[in-house]
Amino acid sequence: MNELTAVLQTPEAIITLAIIAMAIVLFISGGLAPELTGLLSVGLLIGSGVLTPQKALAGFGSPALITLMGLFAVSAALFKSGALDRLRELIASERIRTPRRLIALLALVVAPISGVVPNTPVVASLLPVIESWCNRRNLSPSRVLLPLSFATVLGGTLTLLGSSVNLLVSDISEQLGYGSLKLFSFTSIGIPIWLLGTGYLLLAPDALLPDRGRNKNELGANKEQTGYFTEVKIPADSHLVGQSLHNSRLQRRFDVDVLELQRGKERFLPPLADRKLEPEDRLLLRVTRSDLLRLQQEHTVQLAKKVSKNSFTTGESIISEEGQKTVEVLLPAGSTLAGANLRELRFRQRHNATVLALRRGQQTVQERIGQAVLREGDVLLLQAPLDAIRGLQANNDLLVLDQLENDLPTISKKPIAIAIAIAMLVLPSITSLPLVASVLLAAVAMVVGGCIRPRELQKSIRLDVILLLGSLSSFSVAIQTTGLADALASGLEYWIKGWPNYAALLIIFFSTTILTQVLSNAASVALFVPVAIQLAPGMNLPPNALLVTVLFGASQSFLTPMGYQTNLMVFGPGRYKFLDVTRYGAGLTALITLAVPALILLQYQSF
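To keep things clear, this report deals only with the structure shown in the data block. Within each chain, residue numbers correspond to sequence positions counted from 1 in written order. Local features in a predicted model are, by the rule used here, given only for residues with pLDDT of at least 70; side-chain atom pairs are given and counted only at 80 or more, and totals for whole chains, interfaces and linings are based on all residues. Values shown for side chains rest on all heavy atoms present in the structure; no hydrogens or waters enter the calculation.

### Regarding the overall build of the chain
Elements are defined by DSSP. Helices are runs of H or I of four residues or more, strands are runs of E of two residues or more, and each kind is numbered from the N terminus. Within the chain, the secondary structure is distributed over 27 helices and nine strands. Taking all 607 residues of the chain together, 54% fall into the buried category. Looking at the chain as shown, the accessible area adds up to about 24800 Å², and 59% of this sits on carbon and sulfur atoms. Exposure categories follow from relative accessible area, calculated using a 1.4 Å probe and restricted to protein chains: below 20% of the type maximum is buried, above 50% is exposed, and the middle band is partly exposed. Only the protein chains shown count as cover for residues, and the accessible areas themselves come from Shrake-Rupley with a 1.4 Å probe.

### Description of the pattern of salt bridges
Here, a salt bridge means any side-chain nitrogen of Lys or Arg that lies within 4 Å of a carboxyl oxygen of Asp or Glu. Tallying each qualifying case throughout the model produces nine salt bridges. One salt bridge connects Asp 206 with Arg 100, and the closest N-O pair in it is separated by 2.4 Å. Here Asp 206 is found in the loop between helix H11 (187-203) and helix H12 (216-226), whereas its partner Arg 100 is found in helix H7 (residues 99-113), with 106 residues between them in sequence. For Asp 206, a relative accessible area of 44% puts it in the partly exposed group. Assessed through its relative accessible area of 30%, Arg 100 is described here as partly exposed. Two residues, Asp 580 and Arg 583, come together in a salt bridge whose shortest N-O distance is 2.7 Å. One end of the pair, Asp 580, and the other, Arg 583, are both in helix H27 (residues 578-604), three residues apart, so they sit about a helical turn from each other.

### Section: the environment of Glu 260
In this structure, Glu 260 sits in strand S2 (residues 256-263). Taking the C-alpha atoms as reference points, Glu 260 and Leu 285, separated by 25 residues in sequence, lie 7.4 Å from one another. Among the polar contacts made by the side chain of Glu 260, one reaches the side chain of Arg 267 at a distance of 2.6 Å. Under the rule applied, a polar contact is a pair of N or O atoms within 3.5 Å (in protein, one hydrogen donor and one hydrogen acceptor; residues adjacent in sequence only if both atoms are side-chain atoms).

### Considerations on the packing of aromatic side chains
Stacked, edge-to-face and tilted are the three classes for Phe, Tyr and Trp ring pairs, Trp counted by its six-membered ring, which pair at centre distances within 6.5 Å; planes under 30 degrees apart are stacked, over 60 edge-to-face, the rest tilted. Across all of its chains, the model carries five aromatic pairs by this definition. Judged by centre distance (6.0 Å) and plane angle (85°), the rings of Phe 186 and Phe 552 are edge-to-face. Separated by 366 residues along the polypeptide, Phe 186 in the loop between helix H10 (164-175) and H11 and Phe 552 in helix H25 (residues 543-555) bring together distant segments of the chain. On the basis of an interplanar angle of 45° and a centroid distance of 5.3 Å, the ring pair of Trp 495 and Trp 499 is categorised as tilted. Here Trp 499 falls in the partly exposed class, since its relative accessible area comes to 35%. For a ring to carry a charge above it, either NZ of a lysine or CZ of an arginine must fall within 6 Å of the ring centroid while also lying within 35 degrees of the normal to the ring plane. Positioned above the aromatic ring of Phe 268 is the side chain of Arg 275, whose terminal nitrogen or guanidinium carbon lies 4.0 Å from the ring centre.

### Quick look at the side chain of Thr 593
Position of Thr 593 among the secondary structure elements: in helix H27. The class of Thr 593 is buried, set by a relative accessible area of 7%. Here, residues are in contact when the closest pair of their heavy atoms is within 4.5 Å. Those residues in contact with Thr 593 that sit more than four places away from it in its chain are Leu 506, Phe 509 and Phe 510.

Here it is as structure tokens:
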């Protein structure tokens, strides 16, 4: 304790503690964005002389951060190429009929995917599919969305690439002189924890997951607000012929609502699930923008080729032709096009643009698209030559919102993207190639292979995450440099003196977990790692044992919505209350708190 008192009398230590306290207040209050809080702290540590610019900014050039930047690009290419389409199709299939089966799929399949792909985009991709699954089965999303988040969190500690927090721990370890972590450094602990968590998700009583009901207005509003209305035709050679809509790949793979089926001169309205499809059938769909662009590349369906007397739409085939661009246009207030339908306006001939689909706020378009009377505020998805789009930009009746051709998926590149991702994981494992080099090579290969464009690669990098992680590593360096880490470790070692290693690790793990519920998990890691590592000699454990303890404590966040970003992502759609997360996650937290220290000691020390 005398050592801590002596250190606290030095100006550098006092300034460091003051800056950390300020950062904690800002993290909790949300007064500044987390990345701005990190940058402010770095600036103050440099300006006060606690750290040199080289030491304070070292985190921004660390291999771990560069690895994360490359991983963002690789993940974006995987998602764009449709690497998760099979999983989305499986979720929507008839084999997954009950919440329990869906939870099993999430725990056994989605979690391992999160071990190599950041869990945030995994949740973002699957969230609308699972909401649609709940909607079709008249179930509350609250019954399955928390397990989705928890499964991805459990998978995030299977490999070093599963979470940005893992990479931050590796970065801090290297900066403090203990070396970086390898791709599978903690997989032997991550796998048992994943299996333990899977058992909990499968066996937890249903009563722990609330039933918040289904707010049809909310669910519907979200779909309609982002959904377009368009028409597809079933070609004669499509494997959909002879299948019912209920069992078809169309509804399993895509988030679509079939609003009408037209067969010759006959029209069929919902329910349509059991009606078998025939060649030349036309379907009026409500579909999200991303799935509409995917449908454009599907050979099992065709978008309407031409206007017919009974057609829903006014467009021709939207398979991209060279020089054609895809754009959204809005009918602004005062547009002279409002009050007429597309056929009357002879829209294609007038503007040299093909209308692919129509979106109308929160309302459903009941008419066929070609006959729908346009209104102010309608959004049209168009395909047109670049010259025609420039003409639209000068047209007061239409406002070009954005250019979407870069959003087109690259499903033909799916095998290439998957092969590159596998090579990225295998090469560092069987050769001496560093992980950072493997990830960077994979990112470049994704661009060269046509899986993602250079501009999309730049957009895929989360600058807020990079700034936060790069700046937070300065906390660890400052705590170490000023002697605070040694002093705090001495105080903690004095307090737990005589305790078994298992109990000491349990306290460290649980303290990190609790702090993570208040701060970000990255901030918890930055503060705890340099202190915990100093305890290793006194416990006769290697530094990695303490590193992994903090890593798991910061990553396994199941107690509050703020504990992990994926918890926040499902909180609103699931209509959860704050204590719903605590109630469902408390048992899992208790199990993991008891298991992680034991697994660490089994790996690093017999006891």
